[in-house]
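Okay, here's what each chain looks like letter by letter:
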Amino acid sequence: MLNHSCVCPDALDRCDRCDLLLDFPGLHLVSVTQAPSGLVLEVESCVPVQGCPGCGVIATGHGRVVVEVIDAPWAGRPVRVRWRKRRWICHEDVCSVVSFVEQDPEVCAPRGLLSTRAIRWSIGQLRREAATIQGLARQLGTTWNTLWTQVRPVLATAADDPVRFENVQVLGVDEHIWHHRDPRRRGPKELTGMVELTRGPHPTARLLDLVPGRSGKAYRDWLDERGEGFRKRVEIATLDPFQGYKNAIDDQLEDATCVLDAFHIVKLAGAAVDDVRGRIQQETLGHRGRKGDPLYGIRHVLRAGRERLTSRQQTRLEAAFTAHPDHIAVEVAYRCAQDLRDVFHQPTPARGRQLAEKLIASLPTCPIPEIARLGKPLRRWKTAFLAYFDTDGASNGGTEAINGIIELGRRIARGFRNFEHYRLRMLLITGGLDASPHTQL
């Protein structure tokens, strides 16, 4: 059986099955040896003729030169490929090319230290298996710097590909802390992350970019760099209750609908209940919550949705609310927070919007100061709040999920020192870039 990936008229004394295992089109496996560092595969091509890259005239063979590259591991062992490249000489006097060596980008980039297959394997391990650069370097039998210098250009090229930003219709934004060191030594701690939340057949979120700074200016500048075509395609922009990001959306995404995240609205309501409980605790008992105090015993139950409470939990709530006349403030705050939570669980968007408008109007006038303070930002963000019901429940939840993946990647790597390295790694593991078309160097 001939090796159909090769232009040779016959397979000579080579094994076609070995060539199939090698899986380098156009190359034959000459020998396999076991070295202390792993397996060594010696390969060569049998190209009968080769045109000069300068003038196109058929060149003359002039021996071979051996180049060693790192390949993907096989059977748990590091692999080195010794490629016996053919050297060619051009005899055309007017051609500037005197001699050249055969190249094959499907095998390895010119002057590359890793084969294309090794780079593809490394990127796949980083993307899907939560691997570290040091761990991959150990499997490849090389160093951290050698591996990263070969992988980084591929990721950088993929990150600069404008195709990543096409067809983005729903855009989320959130802040992110990427290190906890002195900013004077490592730069700003805060980053702004942009996430695509466009719903498709299989709704998923993917990180589009990370930029230094947590401000409206950082978001505004990033949107401005994307161009008018990108901004025109964005129909919905979700965000947390941060006015800086809201100003950037109003300035750059005039045609998009701004939606306030539902999770943060419920979170604010829960925090208001906690504040009321703590204040009443101090006023009635004169100290912070302790074991055995009625309000302290229900601190976790107050966070749960009332439709999920068991009969025992309901009994505990009633007992705590009636334990002291002043506890009625906690009960009122709890019911207000649950009403706000129920806004997002109505059978129809119209019902939810009706209840939301009622709460926006009534909460700022509540005699409980913590609930009144909760109502003021809701009234200020009324348009963005009510937009939730006009956009089929758009939220920033996918952005928070991406933040969780980023945090996991940072913990696995035990932190990062270089922001650009951090950005490329996070874009890769969160699906923000597709490096597969760029591994054919």
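Residues numbered from 1 in each chain as written. Predicted model: local features only at pLDDT ≥ 70, side-chain atom pairs only at ≥ 80, totals over all residues. Heavy atoms only, no water.

### What about the layout of surface pockets?
Next, step 1: In this model, the largest pocket occupies a volume close to 270 Å³.
Next, step 2: Forming the boundary of the largest pocket are 13 residues, of which Leu-21, Leu-22, Leu-39, Leu-41 and Trp-74 lie nearest the centre.
Next, step 3: At the level of elements, helix H1 (16–22), strand S1 (27–35), strand S2 (38–45) and strand S3 (60–74) are the ones that each hand at least two residues to the lining of the largest pocket.
Next, step 4: Counting residues per element, the lining of the largest pocket draws most heavily on S3, at four residues.
Next, step 5: For the lining of the largest pocket, the per-class residue count stands at 11 nonpolar, no polar and two charged. (1 Å grid on protein atoms, 1.4 Å probe; cavity = no way out; pocket = protein on both sides within 12 Å on 5 of 7 lines; lining within 4 Å. Points joined across faces, edges and corners; volume = space filled by probe spheres on them. Helix = DSSP H or I, 4+ residues; strand = E, 2+ residues; numbered from the N terminus. Nonpolar A, V, L, I, M, F, W, Y, C, P; charged D, E, K, R; others polar.)

### What about empty space enclosed by the protein?
Next, step 1: Across all of its chains, the model carries two cavities of 30 Å³ or more by this definition.
Next, step 2: Approximately 40 Å³ is the volume found for the largest cavity.
Next, step 3: Along the walls of the largest cavity sit Asp-174, Glu-175, His-176, Gly-193, Val-195, Leu-207, Leu-210, Thr-399, Ile-402, Asn-403 and Ile-406, which together make up its complete lining.
Next, step 4: Listed by contribution, the elements that provide at least two residues to the lining of the largest cavity are strand S6 (170–177), strand S7 (190–196), strand S8 (206–212) and helix H16 (397–412).

### Comments concerning the UniProt feature "domain: Transposase IS204/IS1001/IS1096/IS1165 zinc-finger" (unreviewed entry) in the protein chain
Next, step 1: Mapped onto this numbering, the UniProt entry gives "domain: Transposase IS204/IS1001/IS1096/IS1165 zinc-finger" (unreviewed entry) at residues 50–92.
Next, step 2: Summarising residues 50–92: 0% helix, 65% strand, and an end-to-end C-alpha distance of 14 Å. (UniProt positions renumbered as here; feature names shortened; annotations may be inferred.)

### Quick word on the side chain of Ser-122
Next, step 1: Residue placement: Ser-122 occurs in helix H2 (residues 116–128).
Next, step 2: Classification of Ser-122 by relative accessible area gives buried; the value is 0%.
Next, step 3: Separated by 2.8 Å, the side chain of Ser-122 and the backbone oxygen of Ala-118 make a polar contact.
Next, step 4: Ser-122 has contacts with Leu-136, Leu-140, Leu-147 and Val-151, leaving out every residue within four places of it along the chain. (Buried < 20%, exposed > 50% of the residue type's maximum accessible area, 1.4 Å probe, protein only. Polar contact = N/O pair within 3.5 Å; in protein donor to acceptor, adjacent residues only side chain to side chain. Contact = heavy atoms within 4.5 Å.)

### Comments concerning the packing of aromatic side chains
Next, step 1: Tallying each qualifying case throughout the model produces 15 aromatic pairs.
Next, step 2: Judged by centre distance (5.9 Å) and plane angle (70°), the ring pair of Trp-178 and Phe-419 falls under edge-to-face. With Trp-178 in the loop between S6 and helix H5 (183–186) and Phe-419 in helix H17 (residues 419–429), this residue pair connects regions lying 241 residues apart in the sequence.
Next, step 3: Here Trp-178 falls in the buried class, since its relative accessible area comes to 3%.
Next, step 4: Summarising the aromatic geometry, the rings of Tyr-388 and Phe-389 are spaced 5.2 Å apart at their centres and angled 85° between planes, so their arrangement reads as edge-to-face. Of the two residues examined, Tyr-388 and Phe-389, each falls in the buried class.
Next, step 5: The ring of Phe-24 carries the charged tip of Arg-117 above its face, separated from the ring centre by 4.1 Å.
Next, step 6: In this structure, Arg-214 packs its charged tip against the face of Phe-242, placed 4.2 Å from the ring centre. (Phe/Tyr/Trp six-rings, centres within 6.5 Å; stacked < 30°, edge-to-face > 60°. Lys NZ or Arg CZ within 6 Å of the ring centre and 35° of its normal.)

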